[in-house]
Amino acid sequence: VVRIKRNILAMQRSELEHFLETLGEQKYRAAQIIDWVYKKRVFDFVAMSNLPQRLIRRLDADACIQVPVVLQRQSARQTAKYLFALEDGNTIESVLMQYSYGNAVCVSTQVGCGMGCLFCASAVGGRKRDLLAWEIIAQVLLIQKDLDVQGQRVSHVTIMGTGEPLDNYDAVVCAIRLFGEYLGIGQRRITVSTCGLVPQIERLQSEQLAVTLSISLHATDNALRDRLMPVNRRYPVEQVVAAGRQYGKVTGRRVSYEYIMLKGLNDRPEHARKLAALLSGSLCHVNLIAWNVIPGRPFAPSDRSTIERFSAVLSKMGIPVTIRREMGGEIQAACGQLRRGQAEVETE
Ligand code: SF4
């Protein structure tokens, strides 16, 4: 008979407490184990020195701590891109960005993505499955374990890797809460992105979370956005911006709007004026992003001078704007690109 060991990481605190009770142990042992795993980054029961030997033996027999496997770690300057293998063989990616203000980790929320954005490599194979809350947190846990060696901490989490976070709503909201509880990363340091799922944005604003919402807008007219982001056919620009405006009003949190600059398509001064008019009077911030080229797509990144002109128009019209540093371009840190690289290697 093959004995299936329970993965401690996959259990919520209450499940772990219940599991320990079935082993004849006290509930408080759960807190000790969680502390070892998440705060001390120890994944071996034998090293958990405040657990009694009999419990360690039981845990060794009936449970395991199975973290995703680091398949690849590519670094370039202040960026490190990780490729992890999950238990079922699927791969996901995360990116560590080391800024002057701290270390931010960008996590994935799904294997692949079903949203089909034309400029995005994650969309190519479609959505394979949602990640579980613990698989989202494990990405940060493992990167934090690497940073421990440098005496550094993950200070920020951006939930904007592969996948549409609000399409995996429950796991993402659960992960947001656990980032604070398990890893001490407060909600004010967490950003959740969406391609504009209006009902979920409305739901999120009532969760009493202090996270920043980041809306991928990329175009202000529906014809172009329909083409770039098929989700726009369900929730057009005006509805998305109205939901963002409301989110800012209800939560008091500034909403950031992501805008990938695509040469000749959405980067002219009149586009900037339209964007400013749409966002006017709302609690917002615009991030202008130079596109990381994906070979074979019918786009080119805008020139630096065009991006600067666009930014100046927004500023003049009172919209706070930042031109994003192009971190990670050289290691293809745009979402989905490393995972695809791996998939191509596997199928060769
Ligand atoms: S940009 Fe985001 S929502 Fe769109 S396909 Fe890529 S991962 Fe999915």
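Since this is a predicted model, take the numbers as computed values, not measurements. (Residues numbered from 1 in each chain as written. Predicted model: local features only at pLDDT ≥ 70, side-chain atom pairs only at ≥ 80, totals over all residues. Heavy atoms only, no water.)

Draft legend 1. Representation of helix α1 (residues 13-22). Of all the residues in α1, the buried ones are Leu-16, Phe-19 and Leu-20. Down the axis, α1 shows its buried residues gathered within 100° of arc, on one side only. Opposite its buried face, α1 presents the exposed residues Ser-14, His-18 and Thr-22, each directed more than 90 degrees away. For α1, the secondary structure elements touched by its buried residues are β1 (6-7), α2 (28-39), α3 (53-62) and β2 (63-64). The first or second residue beyond α1 is Gly-24, which carries a positive phi of 80°. (Buried < 20%, exposed > 50% of the residue type's maximum accessible area, 1.4 Å probe, protein only. Helix = DSSP H or I, 4+ residues; strand = E, 2+ residues; numbered from the N terminus. Arc of directions from axis to C-beta. Contact = heavy atoms within 4.5 Å.)

Draft legend 2. Fine view of empty space enclosed by the protein. In this structure the tally under the stated criterion is 1 cavity of 30 Å³ or more. As a volume, the largest cavity reaches approximately 40 Å³. Lining of the largest cavity is provided by Ile-8, Leu-9, Met-11, Leu-16, Ile-33, Ile-34, Val-37, Tyr-38 and Tyr-182. With 4 residues, α2 is the largest single contributor of residues to the lining of the largest cavity. Counted by class, the lining of the largest cavity contains 9 nonpolar, no polar and no charged residues. (1 Å grid on protein atoms, 1.4 Å probe; cavity = no way out; pocket = protein on both sides within 12 Å on 5 of 7 lines; lining within 4 Å. Points joined across faces, edges and corners; volume = space filled by probe spheres on them. Nonpolar A, V, L, I, M, F, W, Y, C, P; charged D, E, K, R; others polar.)

Draft legend 3. Main features of the pattern of salt bridges. Summed over all chains, the structure comprises 16 salt bridges. Residue Arg-129 is joined to Asp-88 by a salt bridge in which the shortest nitrogen-to-oxygen separation is 2.7 Å. Of this pair, Arg-129 sits in strand β8 (residues 127-130) while Asp-88 sits in the loop between β4 (79-85) and β5 (91-99), placing them 41 residues apart in sequence. A cluster of three or more residues bridged by salt bridges with shared partners is formed by Asp-88, Arg-129 and Glu-135. (Salt bridge = Lys/Arg side-chain N within 4 Å of Asp/Glu carboxyl O.)

Draft legend 4. Seen up close, the sheet that holds strand β14 (residues 321-323). One open sheet accounts for 10 strands, arranged β3-β4-β5-β6-β9-β10-β11-β12-β13-β14; its pairing is mixed. Either end of the sheet is taken by a strand with one partner, and the two such strands are β3 (69-76) and β14. Adjacent strand axes in the sheet meet at a mean angle of 20°, parallel and antiparallel pairs treated alike. Of the pairings in the sheet, the one linking strand β12 (residues 255-261) to strand β13 (residues 284-290) comprises 7 bridges and is parallel in character. Paired with Glu-258 across the strands is Asn-287, a residue of β13. In the packing of helix α10 (residues 304-316) onto the sheet, contacts are made with β12, β13 and β14, and the angle to β14 comes to roughly 170°. (Pairing = 2+ DSSP bridges. Axes fitted to C-alpha atoms, helices over the stretch in contact; angles between N-to-C directions.)

Draft legend 5. A look at α3. Three or more residues of α3 are buried, namely Leu-55, Ile-56, Leu-59 and Asp-62. Take α3 and look down its axis: the buried residues cluster within an arc of 150°, on one side only. Residues of α3 that are exposed and point over 90 degrees away from its buried face: Gln-53 and Arg-57. Those residues of α3 that are buried are in contact with β1, α1, α2 and β2.

Draft legend 6. Molecular detail of the environment of Asn-7. In this structure, Asn-7 sits in strand β1. Between the C-alpha atoms of Asn-7 and Val-67, which are 60 residues apart in sequence, the distance is 8.8 Å. With sequence-adjacent residues up to four places away left out, Asn-7 is seen in contact with Cys-64, Ile-65, Gln-66, Glu-87 and Trp-134.

Draft legend 7. Region of the structure containing the pairing of β3. Relative to β4, β3 is paired through 7 bridges, and the arrangement is antiparallel. Bridge pairing in β4 places Arg-73 opposite Tyr-82.

Draft legend 8. Representation of the site of the ligand within the structure. Close to the ligand lie 11 residues, the nearest being Cys-113, Cys-117, Cys-120, Ala-123 and Gly-163. Within the shell around the ligand, the residues separate by chemical class into 8 nonpolar, 3 polar and no charged. (Near = heavy atom within 4 Å.)

Draft legend 9. How the structure looks around the packing of aromatic side chains. Evaluated as defined, the whole model comprises 5 aromatic pairs. Considering the side-chain rings of Tyr-38 and Tyr-182, the 4.4 Å spacing of their centres and the 35° angle between planes classify their relative orientation as tilted. Within this pair, whereas Tyr-38 is found in helix α2, its partner Tyr-182 is found in helix α5 (residues 169-183), the two being separated by 144 residues in sequence. We note that Tyr-38, like Tyr-182, is buried. Arranged with centres 4.9 Å apart and planes meeting at 10°, the rings of Tyr-99 and Tyr-101 form a pair that is stacked. Tyr-101 gets classed as exposed once you look at its relative accessible area, which sits at 51%. The ring of Trp-36 has Lys-40 sitting right over it, with the charged end atom 4.3 Å from the ring centre. Over the face of the ring belonging to Phe-43 we find Lys-145, whose NZ or CZ atom lies 5.0 Å from the ring centre. (Phe/Tyr/Trp six-rings, centres within 6.5 Å; stacked < 30°, edge-to-face > 60°. Lys NZ or Arg CZ within 6 Å of the ring centre and 35° of its normal.)

Draft legend 10. Focus on the packing of helix α9 (residues 269-279) against α10. Their axes nearest at 9 Å, the elements α9 and α10 cross at an angle of 35°. Considering the relative orientation of α9 and α10, their crossing is right-handed. In this structure, α9 contributes Pro-269, His-271, Ala-272, Arg-273, Leu-275 and Ala-276 to the contact, and α10 contributes Arg-309, Phe-310, Val-313 and Leu-314. Partitioned by chemical class, the residues of the contact of α9 with α10 number 7 nonpolar, 1 polar and 2 charged. (Left-handed = near helix turned anticlockwise from the far one by under 90°.)

Draft legend 11. Expanded view of the nonpolar core. By size, the foremost hydrophobic cluster in this structure holds 111 residues, and its most contacted members are Leu-59, Phe-179, Val-286 and Leu-314. Ignoring any residue separated from it by four or fewer positions in sequence, one finds Phe-179 in contact with Ile-136, Ile-137, Val-140, Val-157, Ile-159, Gly-184, Ile-185 and Ile-190. (Core = buried A, V, L, I, M, F, W, Y, C linked by side-chain atoms within 4.5 Å.)

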